[in-house]
Amino acid sequence: MVYGRHRTRNGRRIPVPPDQWLWSPSPVHPAIVDRETWDLAQTVAAGHGSSRDGDDLNSHPATARFYPYRGRVRCRDCQRRMAGNTYGKPTSLSSYYRCPHNWASPKHAADHPDHPRSVQAPELLLDQVVGRFFATRIFGPDRAALLTAQLPATDAAAAADHDAQHAALTARIARIETAQNSKILELEDLPADPDNPATQAYRARIRARFAELHEERERLETQLKALAKTTPAAADTTLLDQLPLAGDILPRLPPQLKARLFAAFDISILWNKPGQQATVNAEITDTTLCYLTAILDPGQDGYHDTHPDQPEPVWDLDNTPRVIRVPPSLVGERA
């Protein structure tokens, strides 16, 4: 039904933009979902594609711990997903989420020259930030007022916000177009010298960077198309009113239930190392309400009034404990 989704260029298989695909004149099989649903699903999948589902441990033999924030923390400087790691002595381990940026890699340094040398977010600090977010903005009595103050209150404000998002996406796509044209010109100016290893390596890096820009452009264009199909309107907080007033729930949840709670709200966290700031986003849908009752059921296994692996609520984030006592059996793990 669809042809030409990939092309082979210089021995490399590269994706082709959807607007250049070749479609059959008529459908060759019944559609499982409508096209609009499919396009929206691709937008969601673009930010989740390399993270596995479920709350089971990683299959790596050295893995001994579950990381509840897996796949949900990104570095603000490079937008890469941060992976969980545990450090320390057997009786005093600390869990962090680390950005994969490698300052010693020429490619990484060229892509993000201002990136900090290392970026790590302590899990205990994330627990406190996200715990406060849930206690006040999701399960707190003032949640509706806080949301109303943050989201557009009128259709005009919603339209302005919609236009701002459209302008930002369009500007980024234009910058990618400029960068791709620059890479093409740079590749054309390179001498055709197959016996020079440095030249060949340079060509390979240019092609790899062009492919990365192409993938980013496709993702942004999909978001732009999805945005064009939305109608801006004033914020509606009625769905928020259907959530229970559970208060500071996070300290009572074990890691697996915590991860399920994050999945129900599709939590995403943007970690800013220079500002020591975590920006938390959540999305509430009808599906969220369906899953929430089971997650917050205090009668299920693992649910405790005061879970031993969680810190007490501390609103002063400058005095965050960095070490948590764990059994010696959790030594030598990795994400």
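Coordinates for the structure precede this section.
Throughout this document, residue positions are counted from 1 along each chain, in the order its sequence is written. In keeping with the predicted nature of the model, local features appear solely for residues at pLDDT of at least 70, side-chain atom pairs appear and are counted solely at 80 or more, and the whole-chain, interface and lining totals rest on all residues. Heavy atoms throughout the structure, all of them, feed into the side-chain values; hydrogens and water do not.

When helices and strands are counted, the chain shows 8 helices and 10 strands. Each residue gets one of three labels from its accessible area relative to the maximum for its type: buried under 20%, exposed over 50%, partly exposed in between, using a 1.4 Å probe on protein chains only. Looking at the chain as a whole, 32% of its 335 residues are labelled buried. We call two residues in contact whenever any of their non-hydrogen atoms come within 4.5 Å of each other. For the chain, contacts bridging at least 24 residues in sequence account for 69% of all contacts bridging at least 6. Note that accessible areas follow from Shrake-Rupley with a 1.4 Å probe, and for residues the cover is restricted to the protein chains shown. Carbon and sulfur atoms make up 54% of the accessible area of the chain, which totals about 20,000 Å². Under the DSSP-based scheme used, a helix requires at least four consecutive residues in state H or I and a strand at least two consecutive residues in state E, with every element numbered from the N terminus.

So, about the layout of surface pockets. We place a 1 Å grid over just the protein atoms. Points where a 1.4 Å probe fits but has no way out form a cavity, open points with protein on both sides within 12 Å along at least 5 of 7 lines form a pocket, and any residue with an atom within 4 Å of a point lines it. Grid points are joined across faces, edges and corners, and a volume is the space filled by probe spheres set on the points. Here the second largest pocket defines a volume of roughly 1,100 Å³. Taken together, 27 residues line the second largest pocket, and the ones lying closest to its centre are Trp21, Arg35, Trp38, Asp39 and Gln42. Mapped onto the lining of the second largest pocket, the elements with two or more residues apiece are helix H1 (35–46) and helix H6 (197–228).

We now examine a nonpolar patch on the surface. On the surface, Met1, Trp23 and Val28 cluster together into a nonpolar patch covering about 290 Å² of accessible area. Within the secondary structure layout, Val28 lies in the loop between strand S4 (22–23) and H1. A residue counts toward a patch only above 30% relative accessible area and without a salt bridge, and it is joined to like-charged neighbours within 9 Å or, for Val, Leu, Ile, Met, Phe, Trp and Tyr, to nonpolar neighbours within 5 Å. The salt bridge criterion pairs a side-chain nitrogen of Lys or Arg with a carboxyl oxygen of Asp or Glu, the two atoms within 4 Å.

A pair of packed helices is characterised by two quantities: the angle between their axes and the separation of those axes. All axes here are fitted lines through C-alpha atoms, helices being fitted over the stretch that makes contact, and every angle between N-to-C directions spans 0 to 180 degrees. In the contact formed by helix H3 (residues 123–138) and helix H4 (residues 143–150), the axes pass within 7 Å of each other and the chain directions differ by 95°. On the basis of the axis angle, H3 is roughly perpendicular to H4. Judged by residue contacts, Thr136, Arg137 and Ile138 of H3 engage Arg143, Leu146, Leu147 and Gln150 from H4. All residues other than Ala, Val, Leu, Ile, Met, Phe, Trp, Tyr, Cys, Pro, Asp, Glu, Lys and Arg, Gly among them, are scored as polar; the first ten of these are nonpolar and the last four charged. In terms of residue class, the contact of H3 with H4 is made up of 3 nonpolar, 2 polar and 2 charged. Just so you know how the angles are binned, under 35 degrees is roughly parallel, over 145 roughly antiparallel, 65 to 115 roughly perpendicular, and the rest oblique.

Within a sheet, neighbouring strands are paired by backbone hydrogen bonds and run either parallel or antiparallel to one another. Strands pair, by our definition, only if DSSP identifies at least two bridges between them. If you walk across this open sheet you meet the 3 strands as S5-S9-S10, and the pairing is mixed. Each of the sheet's edge strands pairs with one partner strand only, and the pair in question is strand S5 (73–75) and strand S10 (277–281). Neighbour to neighbour, the strand axes of the sheet diverge by 25° on average, direction disregarded. Pairing geometry for S5 and strand S9 (residues 268–272), over 3 bridges, is parallel. Across the sheet, Cys75 pairs through a bridge with Trp271, a residue of S9.

Moving on to the pairing of S10. Residues Ala278 and Val280 point to one face of S10 and are all buried, whereas Gln277, Thr279 and Asn281, pointing to the other face, are not buried. By the bridge criterion, 5 bridges tie S9 to S10 in an arrangement that is antiparallel. The residue bridging Ile269 from the neighbouring strand is Val280, located in S10. With antiparallel pairing between neighbouring strands as the criterion, S9 and S10 make up a hairpin whose turn holds 4 residues, including Gln276 at a positive phi of roughly 45°.

Counted according to the given criterion, the structure contains 10 salt bridges. Asp111 is the salt-bridge partner of Arg209, the closest N and O atoms lying 3.6 Å from each other. Of the two residues, Arg209 sits in helix H6 while Asp111 sits in helix H2 (residues 106–111), which places them 98 residues apart along the sequence. Residue class for Arg209 comes out partly exposed when judged on its relative accessible area of 22%. Taken together, the shared-partner salt bridges in this structure form one network comprising Lys107, Asp111, Arg209 and Glu212.

This brings us to the state of the cysteines. Put simply, a disulfide is two cysteine sulfurs that come within 2.5 Å. One pass over the structure, following the stated rule, counts 0 disulfides. For the unlinked cysteine Cys75, the closest cysteine sulfur is that of Cys78, found at 3.9 Å.

One can find Thr86 in strand S6 (residues 83–89). Using a relative accessible area of 15% as the deciding quantity, one classes Thr86 as buried. For the pair Thr86 and Arg65, spaced 21 residues apart in the sequence, the C-alpha separation amounts to 8.8 Å. Within the structure, the side chain of Thr86 is placed 2.8 Å from the side chain of Tyr67, a separation counted as a polar contact. What qualifies as a polar contact is a pair of N or O atoms within 3.5 Å, subject to a donor-acceptor requirement within protein and to the restriction that residues adjacent in sequence count only when both atoms come from side chains. There is a polar contact of 3.1 Å between the side chain of Thr86 and the side chain of Ser95.

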